[in-house]
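Spelled out, the chains give:
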Amino acid sequence: MPKTLRLILGDQLNAQHSWFDEKDSSVTYLMLELRQETDYVAHHIQKVVAFFLSMRNFAQHLKTQGHTVNYVKLDQEDNSQDLEKMIQGKVKEHHFEQFEYQLPDEYRLDTQLKSICKNLSIPCRSVDSEHFLTEREYVKDFFHGKKTYLMESFYRQMRKDFTILMDGKEPLHGKWNFDHENRAALKDKRLLRKPKTHPKPVSDVVKMLTEANVKTIGKIDEEEFTWPCSREESLEVLDHFCTQLLVHFGDYQDALTTWDPFLFHSRLSFAMNTKMLSPLEVVQKVEAYWKEHQDTIAISQAEGFIRQIIGWREYIRGIYWAKMPEFAELNFFNHQRKLPDWFWTGDTKMKCLSHSIGQSLDLAYAHHIQRLMVIGNFALLAGIHPDEVDQWYLGVYIDAIEWVEITNTRGMSQFADGGIVGTKPYVSSANYIHKMGNYCSHCAYSSSKKVGEGACPFNSLYWHFYNRNREKLENNPRIGMAYRTLDKLKNKEELINQAEEYLKNLDAL
Ligand SMILES: Cc1cc2nc3c(=O)[nH]c(=O)nc-3n(C[C@H](O)[C@H](O)[C@H](O)COP(=O)(O)OP(=O)(O)OC[C@H]3O[C@@H](n4cnc5c(N)ncnc54)[C@H](O)[C@@H]3O)c2cc1C
Ligand code: SF4
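The structure reproduced in this document is the subject of the present report. Values in this document were obtained by computation on a predicted structure and should not be read as measured data. (Residues numbered from 1 in each chain as written. Chains lettered and ligands numbered in written order. Predicted model: local features only at pLDDT ≥ 70, side-chain atom pairs only at ≥ 80, totals over all residues. Heavy atoms only, no water.)

1. Let's talk about the overall build of the protein
Here is step 1: A count of helical and extended segments in the protein gives 20 helices and seven strands.
Here is step 2: The C-alpha radius of gyration of the protein comes to 24 Å, within 12% of the 23 Å expected for a compact globule of 509 residues.
Here is step 3: When the backbone C-alpha atoms are referred to their principal axes, the protein occupies close to 75 × 55 × 50 Å.
Here is step 4: Residues counted as buried form 58% of the 509 residues belonging to the protein.
Here is step 5: Taking as baseline every contact in the protein between residues at least 6 positions apart, the subset at least 24 positions apart corresponds to 76%.
Here is step 6: Here the protein has roughly 21,700 Å² of accessible surface; of this, 48% comes from carbon and sulfur atoms.
Here is step 7: Averaging the coordinates of the 63 positive side-chain charges in the protein and doing the same for the 70 negative ones gives two points 5 Å apart. (Helix = DSSP H or I, 4+ residues; strand = E, 2+ residues; numbered from the N terminus. Rg over C-alpha atoms; globule rule 2.2 N^0.38 Å. Buried < 20%, exposed > 50% of the residue type's maximum accessible area, 1.4 Å probe, protein only. Contact = heavy atoms within 4.5 Å. Areas by Shrake-Rupley, 256 points an atom, 1.4 Å probe, with all protein chains shown as cover. Lys, Arg positive; Asp, Glu negative; His and termini not counted. Charge placed at Lys NZ, Arg CZ, Asp CG, Glu CD.)

Encoded structure:
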């Protein structure tokens, strides 16, 4: 093998990659902590810390396996903070004869690495990251010629291709999807379990970021940082999910409550998005555990979880590569408003939002329904520019990497793609939030009130949204009903005026 430099990005911590099958003294692995990564958006402090800590642990793991690693910390004197210069410099200094990298998941880095390779005087090669079930172009080819990319058909194909929850050619228990059984509100807090955490001090990383003036958002406990930051820790979180949480995952997947931030969610997105765990190993482990415990765990719990990973996650990633870079510019409704200031403080009288945003700032985490039906729902009803919404989501969540953030936020949540990811916008009035949990009973607004003092803003904004977007939505067969209801409303004008008032004063809500 010629003397080779291999780049490992911060979200490529895949210890099972074939690169590491053999030790080869002609290969050096390069890992870099760079300002371009800390600064492309204002990230949550926990997100930056989790990435750097996991990268450092991964470098250490490779070294103990006998690989040669060149790891450059953010504050190291020889760190020019420029990816191209760093690679060029290493090649020159150590006389590398070949440069290799794993295909990045972000369009931004894909473009940058291609350009770097053009300027390098040695042969360059990219290899698969060996993480996803499908290749980048699979979803694009699968839905060739279709306007809407229906997740369900893709998901079924994955089930068949990877023989997951299958009985020969048929789905186990005769059904592909148990979604209708997965919509309960949590009524009994005794069902809740403590999350599996790995408290560790991270003050050295925080100090380094502070001294370097890296701008971050959110809070961190420097003495007890709880996110999994190695493969071992991630495997323990997966194990905890199977033994403690899977039993209720599906039932309460959509529940909203002030009692607990994580409910029965796995907290595995960061571990998977950094590739410390592979999606296939996660679903295979969950399937195997469910099979052994079928007497106590219903198939709907396992199917609900598996669908999120080999369905949604894989599909979302395919959409990204099918539709970027145009996707990042889409603004179907031409929304233009700025996010209210309380997105950075959680300081709003609306309990659903103060709770979900406050939790996001405290923990760098909110579960799917908080992201979609509380925060995203509000942003869409309020007509916030999708760029603003994207920047916020990309910054705040521990698991936010553009390929999975933008497709979920701009696509699924904001419908800014006009219906590629979803067939209709995910919007609701207070009804849904009230039905799914206890936020409304702790709120300054009344969920049942539509207009007047103390009326829940979701109620009038909901109709304002449909009213102002009539031309764009009325002909959608899944939405027609909403327009028939709107046209019959006796207090339509009052509702629209109420919404206008709220829209003028978003910061005061
Ligand atoms: C507006 C919005 C923005 C989002 N941004 C991100 C993001 O930046 N990064 C991210 O990983 N997920 C994102 N999601 C998807 C989902 O909310 C998170 O993956 C999930 O909340 C992570 O918590 P968990 O690991 O406890 O998930 P669980 O509820 O335990 O689900 C298990 C796994 O399924 C996968 N998954 C579930 N839903 C999705 C989905 N829609 N897309 C992709 N993967 C999914 C995740 O890998 C997750 O870890 C977003 C969803 C919405 C609505
Ligand atoms: S009443 Fe409205 S604003 Fe308050 S928690 Fe319920 S949905 Fe949210």
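From this point, the narrative continues.
2. Description of the packing of helix 14 (residues 386-396) against helix 15 (residues 402-413)
Angle between the axes and distance between the axes: these two values describe a pair of packed helices.
Here is step 1: Viewed as axis vectors pointing N to C, helix 14 and helix 15 meet at an angle of 135°, and their least axial separation amounts to 10 Å. Here helix 15 runs oblique to helix 14, going by the angle between their axes. Pair helix 14 / helix 15 crosses with right-handed handedness. Across the interface between the two elements, Pro-386, Asp-387, Val-389, Asp-390, Tyr-393 and Leu-394 of helix 14 pack against Glu-402, Glu-405, Ile-406, Thr-409 and Arg-410 of helix 15.
Here is step 2: Per-class residue counts for the contact of helix 14 with helix 15 are five nonpolar, one polar and five charged. (Axes fitted to C-alpha atoms, helices over the stretch in contact; angles between N-to-C directions. Parallel < 35°, antiparallel > 145°, perpendicular 65-115°, else oblique. Left-handed = near helix turned anticlockwise from the far one by under 90°. Nonpolar A, V, L, I, M, F, W, Y, C, P; charged D, E, K, R; others polar.)

3. Thoughts on the environment of Ser-413
Here is step 1: Its place among the elements puts Ser-413 in helix 15.
Here is step 2: Its relative accessible area of 3% is what places Ser-413 among the buried residues.
Here is step 3: Considered as a pair, Ser-413 and Trp-392 are 21 residues apart in the sequence and their alpha carbons are 13 Å apart.

4. Some points on the pairing of strand 1 (residues 4-7)
Here is step 1: Covered by surrounding structure in strand 1 are Thr-4 and Arg-6 together with Leu-5 and Leu-7, the residues of both alternating faces.
Here is step 2: Here strand 1 runs beside strand 2 (residues 27-32); their pairing, made up of four bridges, is parallel. Counterpart to Leu-7 in the pairing with strand 2 is Leu-30.
Here is step 3: Relative to strand 4 (residues 98-102), strand 1 runs parallel, the two being bridged by four bridges. The partner of Leu-7 across the bridge, within strand 4, is Tyr-101. (Pairing = 2+ DSSP bridges.)

5. Topic: empty space enclosed by the protein
Here is step 1: For the structure on display, the rule yields four cavities of 30 Å³ or more.
Here is step 2: For the largest cavity, the calculated volume is near 350 Å³.
Here is step 3: Around the largest cavity sit 23 residues that line it, and Gly-10, Asp-11, Glu-37, Phe-51 and Met-55 are the ones nearest its centre.
Here is step 4: Those elements giving two or more residues to the lining of the largest cavity turn out to be helix 1 (35-39), helix 2 (45-64) and helix 4 (107-119).
Here is step 5: Of all the elements, helix 2 adds the most residues to the lining of the largest cavity, at five residues.
Here is step 6: In the lining of the largest cavity, the residues fall into 14 nonpolar, four polar and five charged.
Here is step 7: Within the residue set of the lining of the second largest cavity, elements represented by two or more residues are helix 12 (351-363), helix 16 (430-436) and helix 17 (457-468).
Here is step 8: Looking at the lining of the second largest cavity residue by residue, the class counts come to 11 nonpolar, one polar and one charged. (1 Å grid on protein atoms, 1.4 Å probe; cavity = no way out; pocket = protein on both sides within 12 Å on 5 of 7 lines; lining within 4 Å. Points joined across faces, edges and corners; volume = space filled by probe spheres on them.)

6. A look at the environment of Val-205
Here is step 1: Inspection of the secondary structure assignment puts Val-205 in helix 7 (residues 203-211).
Here is step 2: Residues Val-205 and Ala-50, 155 residues apart in the sequence, show an inter-C-alpha distance of 9.5 Å.
Here is step 3: In this view, Val-205 contacts Val-49, Phe-52 and Arg-56; residues no more than four positions away in its chain are not counted.

7. Comments concerning the packing of helix 17 against helix 19 (residues 480-488)
Here is step 1: Running from amino to carboxyl end, helix 17 crosses helix 19 at an angle of 110°, the nearest separation of the two axes being 11 Å. As judged from the angle between their axes, helix 17 and helix 19 are roughly perpendicular. On the side of helix 17, the interface is formed by Trp-463, Tyr-466 and Asn-467, while helix 19 contributes Ala-482, Tyr-483, Thr-485 and Leu-486.
Here is step 2: Broken down by class, the residue content of the contact of helix 17 with helix 19 amounts to five nonpolar, two polar and no charged.

8. Observations concerning the site of ligand 2
Here is step 1: Around ligand 2, the neighbouring residues are Met-350, Cys-352, Ala-430, Ile-433, Tyr-439, Cys-440, Cys-443, Tyr-445, Ser-447, Cys-456 and Phe-458.
Here is step 2: The site holding ligand 2 turns out to be the second largest cavity.
Here is step 3: Grouping the constituent residues of the shell around ligand 2 by class yields 10 nonpolar, one polar and no charged. (Near = heavy atom within 4 Å. Sits in = over half its atoms within 2 Å of the grid points.)

9. Some words on the site of ligand 1
Here is step 1: Taken together, 29 residues lie around ligand 1, and His-265, Ser-266, Arg-267, Asn-273 and Tyr-365 are the ones closest in.
Here is step 2: At 2.8 Å from an oxygen atom of ligand 1 is found a main-chain nitrogen or oxygen belonging to Arg-267.
Here is step 3: In the environment of ligand 1, an oxygen atom lies 2.7 Å from a nitrogen or oxygen atom belonging to the side chain of Tyr-365.
Here is step 4: In isolation ligand 1 exposes 810 Å². Once the protein is present, 99% of that is buried.
Here is step 5: At the level of elements, helix 9 (269-273), helix 11 (299-323), helix 13 (368-381) and helix 15 are the ones that each hand at least two residues to the shell around ligand 1.
Here is step 6: Among the residues forming the shell around ligand 1, the class breakdown is 14 nonpolar, 10 polar and five charged. (Polar contact = N/O pair within 3.5 Å; in protein donor to acceptor, adjacent residues only side chain to side chain.)

10. Digging into the layout of surface pockets
Here is step 1: Put simply, the second largest pocket is a space of about 290 Å³.
Here is step 2: Lining the second largest pocket are 15 residues, with Thr-197, Asp-221, Glu-224, Thr-226 and Leu-363 positioned closest to its centre.
Here is step 3: Per-class residue counts for the lining of the second largest pocket are seven nonpolar, three polar and five charged.

11. Points about the nonpolar core
Here is step 1: Core analysis: the biggest nonpolar cluster contains 154 residues, and Leu-209, Leu-353, Phe-378 and Tyr-466 have the highest contact counts within it.
Here is step 2: With 12 residues, helix 11 is the single largest residue contributor to this core.
Here is step 3: Other than its neighbours up to four places away in sequence, Tyr-466 contacts Val-427, Leu-473, Ile-479, Ala-482, Tyr-483 and Leu-486.
Here is step 4: Membership of the second largest hydrophobic core comes to 20 residues, among which are Leu-34, Phe-96, Tyr-101 and Ile-116. (Core = buried A, V, L, I, M, F, W, Y, C linked by side-chain atoms within 4.5 Å.)

12. Some thoughts on helix 3 (residues 83-94)
Here is step 1: The terminal C-alpha atoms of helix 3, which comprises 12 residues, lie 17 Å apart, in line with the 16 Å expected from a rise of 1.5 Å per residue.
Here is step 2: Residues of helix 3 that are buried: Leu-83, Met-86, Ile-87, Lys-90 and Val-91. In an axial view of helix 3, the angular spread of the buried residues amounts to 130°, which keeps them on one side of the axis. What points out from helix 3, more than 90 degrees from its buried face, is the exposed set Lys-85, Lys-92 and Glu-93.
Here is step 3: On its buried side, helix 3 packs onto strand 1, strand 2, helix 1, strand 3 (68-72), strand 4 and helix 4.
Here is step 4: Where helix 3 begins, one side-chain oxygen reaches toward the backbone nitrogen of Glu-84, 3.0 Å away; that side chain belongs to Asp-82.
Here is step 5: Once helix 3 finishes, His-95 follows within two positions and takes phi at roughly 55°, a positive value. (Expected span 1.5 Å × (residues − 1). Arc of directions from axis to C-beta.)

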